[in-house]
Amino acid sequence: MNARIALAALLAALLLTPACGGGAGPTAVSAPVVNNVQPVHVDLGPAGDYVNGIFTSVTICVPGTSSCQTIDNVLVDSGSVGLRLLSSLVTLPLAPSTDAGGNVIANCASFADNTYAWGPMAKASVRMAGEQAASVPIQLIGAPGVPEAPSDCSSGGTADDTVAALGATGVLGIGVFRQDCGDACARLLRPPKIYYACGASDCAVTSVPVASQLQNPVWLFAQDNNGFLLSLPAVPETGARSVAGSLVFGIGTESNNALGSAQVYTTDDVGNISTTVNGTTISGYLDSGTNSLSFLDASSIALPACPDPDSDFSCPPSTARLTAVNKGSNGVSGPVTFDVANAETLFDTGNAAFNDLGGPDTGDFDWGLPFFFARKTFVGIEGQSSPGGQGPYWAY
Amino acid sequence: VKALIAAASMMLVGTTPVWAALGKTVSSVADDQKRLGGEVHTSTVAGFAVHEISAADGTVVREYVSPAGEVFGVSWRGATPPNLVDLLGDHYAAFKEAPRPPGHRRGPLVVRTDHLVVEMGGHMRDFHGRAYLPDRLPATVSSDAVR
């Protein structure tokens, strides 16, 4: 018995010993100053039912302390800005942010699918890979202590306040802007309905200085803060169960994040480029937080919607190959060729990562996660200088 | 399913603010204007009128009114989506009841029923969408008019 326990202990010790060494490691020539590579993964996510969800781990700390917590399975979203975490998963004591009158400041994020994230602001330091941003305003989704979401925030939609509802533990918004809202929410007269000052029983739209708004953590890093690249491998046409990739912080700041031959497409002041597809020119944007390539509808292009309840996706009888042309505000343009397969056939595989999932969007061209496979996509943050010029831009 | 939707719609009639737009009369436009704190520009095209409300917060809402004075379509573009409970009015219940895909998806949303079409999308800082009543379009007007 004792011997068996001792053997088990020895075995456990061996298993727990880190695999150290493993060779000489990276050479001095290519070694970054800090580790700027943050692993990401595409899989079914913590709720087990996410298609084309891309996730990473984020470490938050009480500012100025070593009291930290790592939260896995945070959705990586290039279509929004700001770190939002389900408050039910945050064990750190983070004090809600207040205004001069002592009202709690809450943020409302609307998503395109009529869901919303509501909760108070708080400050935390944010760490990913070897990078750190010292004191970042974040959102604690669904935190108690503030009134429920005003109807102008919820718009009758569904609250993304649990892992089951969100399909993730939070959202890491790292789009092309520094803040979620910017100047519009700082003006005193009729700001957009995004920030609210909350008393004990109700909340009213308020203005918030730019520095106190939700921030893209990347631009607050001490280095590698002008943007990042998202690198995902190719996937088979029937998809993959899981895929590993990386977020590499900085653009042209280290040996592993050079623009290389990537073309820079600058965006307009709301984060759009223009996209021409099937003879129609519409707004376009790159959004890792959208599951599909969403563009036009069945009335304008021969891609029938799937039967209910999958009508947000396309179900062509056979895979369609299409080309669209993206054009930046800087006049740079170039074609992108992509496939749209039958979504129900894809879903039947049980896989999670698809490069050929399409769907309708009559207003614009939403280059969702399928775009990001088999390429490096650079996100240049507004106002930040890089070898690709000043953001906001995408490059690929 | 249709009966259920109809029942839900009827229940909603009693609780919805009277100034909801879609399916209401042209007089609701003024109420929406007041609520959005914006200016209205009205233009008449062949077969219908467009009331464009530019809200003080930058959101633009358009309301499409038939010759009979009924709002048969609405569209929007702005930093945040409009309050759909208000804008869809009595038709909000049908929107909410429409079948949704299982599992998690995040992206544009399309709802098509015989009596209501809602399409919405966009991203932070730029949301857009439209909604119309396919069986209430004026005879000479295509759904493409609702932009």
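The structure we're discussing is the one just above.
Residues numbered from 1 in each chain as written. Chains lettered and ligands numbered in written order. Predicted model: local features only at pLDDT ≥ 70, side-chain atom pairs only at ≥ 80, totals over all residues. Heavy atoms only, no water.

### Section: the pairing of strand S17 (residues 293-296) of chain A
Residue and element names in this part refer to chain A.
Reasoning step 1: Looking at chain direction, S17 and strand S20 (residues 358-359) are connected through 2 bridges and run parallel. Within S20, the residue paired with Ser-294 across the bridge is Gly-359.
Reasoning step 2: With 3 bridges connecting them, S17 and strand S21 (residues 361-367) associate as antiparallel partners. Note on S21: the bridge partner recorded for Leu-296 is Asp-361. (Pairing = 2+ DSSP bridges. Helix = DSSP H or I, 4+ residues; strand = E, 2+ residues; numbered from the N terminus.)

### Quick notes on the pairing of strand S18 (residues 320-327) of chain A
Residue and element names in this part refer to chain A.
Reasoning step 1: Only one face of S18 is covered, namely the one carrying Ala-320, Leu-322, Ala-324 and Asn-326; the face carrying Arg-321, Thr-323, Val-325 and Lys-327 has none of its residues buried.
Reasoning step 2: Bridge count for strand S15 (residues 273-277) against S18 is 4 bridges, and the pairing is antiparallel. Bridge pairing links Ser-274 to Lys-327 in S18.
Reasoning step 3: One ladder, built from 8 bridges, connects S18 with strand S19 (residues 333-340); its direction is antiparallel. In the strand pairing of S19, Thr-323 is matched with Thr-337.
Reasoning step 4: Connecting S18 to the next strand, S19, in antiparallel fashion are 5 residues, including Gly-331 with a positive phi near 90°. (Buried < 20%, exposed > 50% of the residue type's maximum accessible area, 1.4 Å probe, protein only.)

### Describing unusual backbone geometry
All names here are of chain A.
Reasoning step 1: Between Asp-308 and Pro-309 the backbone carries a cis peptide bond, its omega angle lying at 5°.
Reasoning step 2: By the element assignment, Pro-309 lies in the loop between S17 and S18.
Reasoning step 3: At the junction of Gly-391 and Pro-392, the peptide bond is cis and its omega measures out at 10° in the coordinates.
Reasoning step 4: Its place among the elements puts Pro-392 in the loop between strand S24 (389-390) and strand S25 (393-395).
Reasoning step 5: Non-glycine residue Arg-190 carries a positive phi angle of around 45°.
Reasoning step 6: With respect to the secondary-structure elements, Arg-190 resides in the loop between helix H4 (183-186) and strand S10 (195-198).

### Details of the nonpolar core
Reasoning step 1: A:Leu94 and A:Phe295 are the most contacted members of the largest nonpolar core, which totals 66 residues.
Reasoning step 2: Residue contacts for A:Phe295: discarding those within four places in its chain leaves A:Val277, A:Ile301, A:Leu303, A:Leu322, A:Phe338, A:Val340, A:Gly359, A:Pro360, A:Asp361, A:Asp364 and A:Phe365.
Reasoning step 3: Ranked by size, the runner-up nonpolar core spans 23 residues in total, among them B:Tyr92, B:Ala94, B:Ala98 and B:Ala131. (Core = buried A, V, L, I, M, F, W, Y, C linked by side-chain atoms within 4.5 Å. Contact = heavy atoms within 4.5 Å.)

### Thoughts on the environment of A:Asp77
All names here are of chain A.
Reasoning step 1: Structurally, the position occupied by Asp-77 is in strand S3 (residues 68-77).
Reasoning step 2: When the C-alpha positions of Asp-77 and Gly-368 are compared, they lie 9.8 Å apart, and in sequence the two are 291 residues distant.
Reasoning step 3: Beyond its immediate sequence surroundings of up to four residues, Asp-77 is in contact with Phe-111, Val-171, Leu-172, Gly-173, Ile-174, Gly-175, Asp-287, Ser-288 and Gly-289.

### A look at the environment of A:Ser329
Residues and elements named next belong to chain A.
Reasoning step 1: Relative to the assigned elements, Ser-329 resides in the loop between S18 and S19.
Reasoning step 2: Judged by its relative accessible area of 51%, Ser-329 falls in the exposed class.
Reasoning step 3: For the pair Ser-329 and Val-264, spaced 65 residues apart in sequence, the C-alpha separation works out to 10.0 Å.
Reasoning step 4: The residues touching Ser-329, leaving out its near neighbours within four places in the chain, are Thr-266, Thr-267, Asp-268 and Asn-272.
Reasoning step 5: In this structure the side chain of Ser-329 is engaged in a polar contact, spanning 3.5 Å, whose partner is the backbone oxygen of Thr-267.
Reasoning step 6: A polar atom in the side chain of Ser-329 sits 3.4 Å from the backbone nitrogen of Asp-268. (Polar contact = N/O pair within 3.5 Å; in protein donor to acceptor, adjacent residues only side chain to side chain.)

### Quick notes on the pattern of salt bridges
Reasoning step 1: Tallying each qualifying case throughout the model produces 11 salt bridges over all chains.
Reasoning step 2: A:Asp152 is the partner of A:Lys193 in a salt bridge, and the nearest nitrogen-oxygen pair spans 3.8 Å. Remark: A:Asp152 occurs in helix H2 (residues 151-154) and A:Lys193 occurs in the loop between H4 and S10; sequence separation between them is 41 residues.
Reasoning step 3: According to the relative accessible area criterion, A:Asp152 is partly exposed, its value standing at 27%.
Reasoning step 4: The closest approach of N and O atoms between B:Asp126 and B:Arg77, which form a salt bridge, is 2.9 Å. Of this pair, B:Asp126 sits in strand S7 (residues 126-132) while B:Arg77 sits in strand S4 (residues 71-78), and the two are 49 residues apart along the sequence. (Salt bridge = Lys/Arg side-chain N within 4 Å of Asp/Glu carboxyl O.)

### Regarding the packing of aromatic side chains
All names here are of chain A.
Reasoning step 1: This structure, assessed with the given rule, holds 17 aromatic pairs over all chains.
Reasoning step 2: Ring centres of Phe-371 and Phe-372 lie 5.6 Å apart, and the angle between their planes is 85°; on these two criteria the pair is classed as edge-to-face.
Reasoning step 3: Clustering of aromatic rings is evident, with ring pairs tying together Tyr-265, Phe-295, Phe-338, Phe-365, Trp-367, Phe-371, Phe-372 and Tyr-396.
Reasoning step 4: Between the NZ or CZ atom of Arg-178 and the centre of the ring of Trp-219, over which it lies, the distance is 4.0 Å.
Reasoning step 5: The ring of Phe-371 carries the charged tip of Arg-375 above its face, separated from the ring centre by 4.0 Å. (Phe/Tyr/Trp six-rings, centres within 6.5 Å; stacked < 30°, edge-to-face > 60°. Lys NZ or Arg CZ within 6 Å of the ring centre and 35° of its normal.)

### Quick look at the sheet that holds strand S3 (residues 60-65) of chain B
Residue and element names in this part refer to chain B.
Reasoning step 1: Spatial ordering of the open sheet is given by S1-S2-S3-S4-S7-S6-S5, a layout of 7 strands whose pairing is antiparallel. If you trace the sheet from one side to the other, it starts and ends with strand S1 (39-45) and strand S5 (109-112), each paired once. Across the sheet, the axes of successive neighbouring strands diverge by a mean angle of 10°, strand direction being ignored.
Reasoning step 2: Where S1 and strand S2 (residues 48-54) come together, 7 bridges link them in antiparallel fashion. The residue of S2 that forms the bridge with Thr-44 is Ala-49. (Axes fitted to C-alpha atoms, helices over the stretch in contact; angles between N-to-C directions.)

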